[in-house]
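# An overview of the molecular structure
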Amino acid sequence: MVEQSDRIRARVRQLMPTARDELATLVGFRSIADPRQAPPEQCTGAAKWVADAFRSVGIEHVGLVETSDGSKAVVGHQPGPDGAPTVLLYSHYDIQPAGDEALWHSPPFELTERDGRWYGRGAADCKGNVVMHLLALRALAAVADTFPVGIKVVSEGSEEMGTGGLEQLVQDRPELFAADVIVIADTGNVAVGRPTVTTSLRGIANVVVHVETLEGELHSGMYGGSAPDALAALVQMLSTLRDHGGNTVVDGLDTAQDWDGAQYPEQQFRRDAGVLDGVRLTGSGSVADAVWARPALTILGIDAPPVVGSAAAIQPRASARLNLRVSPGMDPHRAQDALVAHLEGAAPWGAHVRVEREAVGAPFQAKTSGPGYTALQTALESAYGHPLEVAGQGGTIPLCNVLAEQFPDAEIVLMGVEEPQALIHAPNESVDPSEIENLAVAEALFLLGLGDGEK
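Conventions adopted
- Residues numbered from 1 in each chain as written.
- Predicted model: local features only at pLDDT ≥ 70, side-chain atom pairs only at ≥ 80, totals over all residues.
- Heavy atoms only, no water.
- Helix = DSSP H or I, 4+ residues; strand = E, 2+ residues; numbered from the N terminus.
- Rg over C-alpha atoms; globule rule 2.2 N^0.38 Å.
- Buried < 20%, exposed > 50% of the residue type's maximum accessible area, 1.4 Å probe, protein only.
- Contact = heavy atoms within 4.5 Å.
- UniProt positions renumbered as here; feature names shortened; annotations may be inferred.
- Pairing = 2+ DSSP bridges.
- Axes fitted to C-alpha atoms, helices over the stretch in contact; angles between N-to-C directions.
- Phe/Tyr/Trp six-rings, centres within 6.5 Å; stacked < 30°, edge-to-face > 60°.
- Lys NZ or Arg CZ within 6 Å of the ring centre and 35° of its normal.
- Parallel < 35°, antiparallel > 145°, perpendicular 65-115°, else oblique.
- Nonpolar A, V, L, I, M, F, W, Y, C, P; charged D, E, K, R; others polar.
- Disulfide = S-S within 2.5 Å.
- Salt bridge = Lys/Arg side-chain N within 4 Å of Asp/Glu carboxyl O.
- Left-handed = near helix turned anticlockwise from the far one by under 90°.

In the nomenclature of an unreviewed UniProt entry, the chain corresponds to Dipeptidase from the organism Rhodococcus parequi.

Our focus in this paragraph is the overall build of the chain. Counting secondary structure elements, the chain contains 12 helices and 18 strands. For 455 residues, the compact-globule formula gives about 23 Å, and the C-alpha radius of gyration of the chain, at 24 Å, lands near that figure. Its C-alpha atoms give the chain principal-axis dimensions of about 85 × 45 × 45 Å. Counting all 455 residues of the chain, 53% fall into the buried class. Put simply, 80% of the contacts in the chain that link residues at least 6 apart link residues at least 24 apart.

Further remarks concern the UniProt feature "domain: Peptidase M20 dimerisation" (unreviewed entry) in the chain. With numbering aligned to this structure, UniProt lists the feature "domain: Peptidase M20 dimerisation" (unreviewed entry) at residues 201–349. Regarding residues 201–349, the helix share stands at 30% and the strand share at 22%, and the terminal C-alpha atoms are separated by 38 Å.

Spatially, the 3 strands line up as an open sheet ordered 4-5-18, and their pairing is antiparallel. Because the sheet does not close on itself, it has two edges, and the strands there are strand 4 (112–114) and strand 18 (430–431). Note: strand 4 against strand 5 (residues 117–119), 3 bridges, orientation antiparallel. For Thr 112, the partnering residue across the bridge sits in strand 5 and is Tyr 119. Set on the sheet, helix 1 (residues 2–27) makes contact with strand 4, strand 5 and strand 18; between it and strand 5 the angle comes to about 20°.

Taken as a whole and judged by the stated rule, the model has 3 aromatic pairs. Judged by centre distance (5.5 Å) and plane angle (70°), the rings of Trp 259 and Trp 292 are edge-to-face. On the criterion of sequence distance, the pair formed by Trp 259 in the loop between helix 6 (230–239) and helix 7 (266–273) and Trp 292 in helix 8 (residues 287–293) is long-range, its members being 33 residues apart. Trp 292 matches Trp 259 in its accessibility class, with the two residues each being buried. Taking 5.3 Å as the distance between ring centres and 85° as the angle between the ring planes, the aromatic pair formed by Tyr 264 and Phe 269 counts as edge-to-face. Every member of this aromatic cluster is reached through a ring pair, and the members are Trp 259, Tyr 264, Phe 269 and Trp 292. The aromatic ring of Trp 118 is capped on one face by Arg 20, whose charged end is 5.8 Å from the ring centroid. In this structure, Arg 114 packs its charged tip against the face of Tyr 119, placed 3.8 Å from the ring centre.

What follows is about the packing of helix 4 (residues 165–172) against helix 11 (residues 398–406). Packing of helix 4 against helix 11 leaves a shortest axis separation of 9 Å and a crossing angle of 5°. By the angle class used here, helix 4 and helix 11 are roughly parallel. For the pair helix 4 and helix 11, the contacting residues are Leu 166, Glu 167, Val 170 and Gln 171 in the first and Pro 398, Leu 399, Val 402, Leu 403 and Gln 406 in the second. Per-class residue counts for the contact of helix 4 with helix 11 are 6 nonpolar, 2 polar and 1 charged.

What follows is about the side chain of Arg 117. Following the sequence through the fold, Arg 117 ends up in strand 5. Residue Arg 117 is classed as buried on the basis of its relative accessible area of 6%. Residues within four places of Arg 117 in sequence aside, it is in contact with Thr 112, Val 192, Glu 419, Gln 421, Ala 422, Ser 430, Val 431, Asp 432 and Pro 433.

Time to look at the state of the cysteines. Each disulfide consists of one covalent bond between the sulfur atoms belonging to two cysteines. Under the criterion given, the structure shown has 0 disulfides. Not part of a disulfide, Cys 43 finds its nearest cysteine sulfur in Cys 126, a span of 14 Å. Overall, Cys 126 belongs to the buried group, its relative accessible area being 0%.

Applying the stated criterion across every chain, the model contains 18 salt bridges. The residue Glu 429 makes a salt bridge to Arg 121 at a minimum N-O spacing of 2.7 Å. One end of the pair, Glu 429, is in the loop between strand 17 (411–415) and strand 18; the other, Arg 121, is in the loop between strand 5 and helix 3 (127–140), with 308 residues separating them in the sequence. For the salt bridge of Asp 258 with Arg 294, the shortest nitrogen-to-oxygen distance reads 3.0 Å. Of this pair, Asp 258 sits in the loop between helix 6 and helix 7 while Arg 294 sits in the loop between helix 8 and strand 11 (296–303); the two residues are 36 residues apart in sequence, bridging distant segments of the chain. When its relative accessible area of 57% is taken as the criterion, Asp 258 is described as exposed. Owing to a relative accessible area of 10%, Arg 294 belongs among the buried residues under this scheme. Overlapping salt bridges bring together Arg 9, Arg 13 and Glu 437 as one network.

Looking now at unusual backbone geometry. Cis peptide bonds are those with omega within 30 degrees of zero, and the linkage from Asp 125 to Cys 126 qualifies with 10°. Note on placement: Cys 126 falls in the loop between strand 5 and helix 3. Not every positive phi belongs to a glycine, and Trp 349 is a case in point at roughly 65°. The phi torsion at Asn 428 lies on the positive side, around 65°, for a residue other than glycine.

Between helix 1 and helix 3, the shortest axis-to-axis distance is 9 Å and the interhelical angle comes to 145°. Handedness of the crossing formed by helix 1 with helix 3: right-handed. Across from Ile 8, Arg 11, Val 12, Leu 15, Met 16, Thr 18, Ala 19, Glu 22, Leu 23, Leu 26 and Val 27 in helix 1, the residues of helix 3 making contact are Lys 127, Gly 128, Val 130, Val 131, Leu 134, Leu 135, Arg 138 and Ala 139.

Laid out in structure tokens, this is it:
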């Protein structure tokens, strides 16, 4: 195993210039899955490039499948030896918009090296993971004539838009995704050089709350003091959703869970989140408890008069959109019910309240006791020379739950080249090339070890 590991490492290092060139090409595509923000040809070009790249590393059966949202998923399959397990390698080639390009220190669609990191939109999320998969599959050729397991590849084309095309494809054509182990390469390590698997994701239960108190606007001088202000009512209602320490408070919802995996040091979190000097973090317990294990309520937006142009008037109506992140183990529908009941009960002065429910997303908890996780832990620790750590993620990846429901016996693994310094979704996104290298070594060792384990 040591000799194989050394050969794989040597091959990956030899191929790193190729990986950089491929990432530069892929970053060059403005593959934003929204025709209002980028030409659709950019997504099509990226999809074709990814398909050709996987074909070049030995996945013979690769094609583009149009999904229900109009995006193109790259789907491929290379059968393994008889009796060998099948591993699905997931990534996505679509990206977040670059935002204000003036905030970037280099062009967002040109891969640029600075201080040892590679900068560009999608360099980490998630084109870096596409390249990592390609690198791992190439490295396997250094120690094996054929793939030791069956390989399926899926690269999504609309993950960042959240329009559900791939989730629907899983339900419509499950044969494309059936596997013993599913590697979702769209998360990352707690820090550069510290191998991490993500085992939990929070769910989501959003609502829009509308408050009405008057038939129309009233002069604040003539009526202020007795006339019920809808905006003031809404502010009072929203204030009940946090206690003085900043903890989320929703009547009937357990908000005291603890995280027992890797911790998130406060100083690192302050740097990652850009918390201003002198501003305290919210919530009791640890940062990991707050962002990975507990529910969190965020006010996403408020409909109210803007400051510029506002009149001296009492507002008759106001609305807010609320984002409730739901802890692993919670039923998102019950959590949404609790939030609706809380808002209705918190309304002052008999204000009329109407709550619109948005679609919910279930939290996810990975199973970590199977042979896939065992093989992956061994591979990651060998590649990094560091013990494996376990983390959560505060966000939601609906695909994980769809896959878990469709394939209840499959092991689902979340990992990837992202880490806090990557600044995914923000200006100056980047990837540390050592993460691509180490994860490619680990993935190649994992596929090799899983194949050997089945013999």
